[in-house]
Amino acid sequence: MKIRAALTAILLLTASLAQAGPNLVTNGDFENLDYSMWTLVSPGGGGQAFGTDPTGSPLSNASNRVFGDFNTTELGFLQQTIATIAGATYQLKFDLQRWTADPQFPPDNQAQVKFGATTVFNESDITGDWGTHTLIVTALSNRTILEFGNFNNDPIFWNQLDNISLEFLRGPNDPGGPGVPEPATLALLAGGLMAMRLSRRRAIRS
């Protein structure tokens, strides 16, 4: 009975951890042509646009919609206000690209991400094709402004964003941390207990 109870508990916990929370960012992949949930701040003398990826990079998709920012003197921002839980922990993911195949233009750009009052990502002179960034962030209030800042001072292409998501991980009173097993570890434990249970059944039958 103890093995059965432990097995059931582990399987239930594994199932709950394996389910990703809903994406709290509205239209984070920019496929909806209504962009009213996003606020654009463009002080840098350039511009911002929702559209398809024009770079022709190896990972580009001509039918996939992205956000491009080509502010040229200072950071321009893409913003969305999200309902959060003060003190709760979230997983923030986004795809970022700053790609050019022309070696005569050295990179001169910056990408920054703010979650509320906290800068959680800040990189300069970015190069490279589409890549996914994953951050663990904490909300400080019940409404959090998520901001993506970009600027470019080089003439070929610009910073591009796609697939922005924010998922709830744990509440303010849940410490989480290394003591919480990963879902894969829990699955291994469940498999081991199942094997023990089957072995015990064979022993009883024999």
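Quick summary incoming for the structure in this document. Values in this document were obtained by computation on a predicted structure and should not be read as measured data. (Residues numbered from 1 in each chain as written. Predicted model: local features only at pLDDT ≥ 70, side-chain atom pairs only at ≥ 80, totals over all residues. Heavy atoms only, no water.)

1. Here we look at the environment of Phe50
With respect to the helices and strands, Phe50 occurs in strand 2 (residues 48-52). For Phe50, a relative accessible area of 19% translates into the label buried. Considering only alpha carbons, one finds Phe50 and Glu31, 19 residues apart in sequence, at a separation of 9.4 Å. Those residues in contact with Phe50 that lie beyond four places of it in its chain are Phe30, Tyr35, Trp38, Leu40, Arg65, Val66, Phe67 and Leu78. (Helix = DSSP H or I, 4+ residues; strand = E, 2+ residues; numbered from the N terminus. Buried < 20%, exposed > 50% of the residue type's maximum accessible area, 1.4 Å probe, protein only. Contact = heavy atoms within 4.5 Å.)

2. What about the sheet that holds strand 3 (residues 65-69)?
If you trace the five strands from one edge of the open sheet to the other, you get 2-3-10-5-8, paired in antiparallel fashion. One side of each edge strand has no neighbouring strand; the edge strands of this open sheet are strand 2 and strand 8 (128-138). Shown here is a sheet whose adjacent strand axes are inclined to one another by a mean of 30 degrees, direction ignored. Sheet analysis places strand 5 (residues 89-98) next to strand 10 (residues 159-170), joined by eight bridges and oriented antiparallel. Its bridge partner lying in strand 10, Gln97 is registered against Gln160. (Pairing = 2+ DSSP bridges. Axes fitted to C-alpha atoms, helices over the stretch in contact; angles between N-to-C directions.)

3. Some points on the sheet that holds strand 7 (residues 118-124)
Across the sheet, five strands lie side by side as 1-4-9-6-7; this open sheet has antiparallel pairing. Looking along the sheet, the strands with just one partner apiece sit at the ends: strand 1 (39-41) and strand 7. Pairwise comparison of adjacent strand axes, ignoring direction, gives a mean angle of 15 degrees for this sheet. Inspection of the sheet shows strand 6 (residues 109-115) paired to strand 7 by six bridges, in the antiparallel sense. In the sheet register, Gln112 faces strand 7, and the bridge partner there is Asn122.

4. A look at empty space enclosed by the protein
By the definition in use, this model includes one cavity of 30 Å³ or more. In terms of lining, the largest cavity is formed by Phe94, Leu96, Ala111, Gln112, Val113, Phe121, Phe148, Gly149, Asn150 and Leu161. Broken down by secondary-structure element, the contributors of at least two residues to the lining of the largest cavity are strand 5, strand 6 and strand 9 (143-152). Grouping the amino acids of the lining of the largest cavity by side-chain chemistry returns seven nonpolar, three polar and no charged. (1 Å grid on protein atoms, 1.4 Å probe; cavity = no way out; pocket = protein on both sides within 12 Å on 5 of 7 lines; lining within 4 Å. Points joined across faces, edges and corners; volume = space filled by probe spheres on them. Nonpolar A, V, L, I, M, F, W, Y, C, P; charged D, E, K, R; others polar.)

5. Quick notes on the environment of Gly87
Looking at the element boundaries, Gly87 is found in the loop between strand 4 (76-83) and strand 5. A relative accessible area of 32% means that Gly87 is categorised as partly exposed. Considering only alpha carbons, one finds Gly87 and Gly171, 84 residues apart in sequence, at a separation of 7.0 Å. What Gly87 contacts, discounting residues up to four positions off in sequence, is Thr138, Ala139, Gly171 and Pro172.

6. Thoughts on the side chain of Thr55
If you trace the backbone, Thr55 turns up in the loop between strand 2 and strand 3. Thr55 sits in the buried class, given a relative accessible area of 7%. Side-chain polar atoms of Thr55 contact the side chain of Gln97, separated by 3.3 Å. (Polar contact = N/O pair within 3.5 Å; in protein donor to acceptor, adjacent residues only side chain to side chain.)

7. As for the packing of aromatic side chains
Under the criterion given, the structure shown has 10 aromatic pairs. Ring centres of Phe50 and Phe67 lie 5.2 Å apart, and the angle between their planes is 50 degrees; this geometry places the pair in the tilted category. Of this pair, Phe50 sits in strand 2 while Phe67 sits in strand 3; the two residues are 17 residues apart in sequence, bridging distant segments of the chain. The burial state of Phe50 is the same as that of Phe67; both residues are buried. Between Phe94 and Phe121 the ring centres are 5.4 Å apart and the planes differ by 85 degrees, which places this aromatic pair in the edge-to-face class. Within this pair, whereas Phe94 is found in strand 5, its partner Phe121 is found in strand 7, the two being separated by 27 residues in sequence. An identical accessibility class is assigned to Phe94 and Phe121; each is buried. (Phe/Tyr/Trp six-rings, centres within 6.5 Å; stacked < 30°, edge-to-face > 60°.)

These results come straight from atomic positions and should not be treated as a statement about function.
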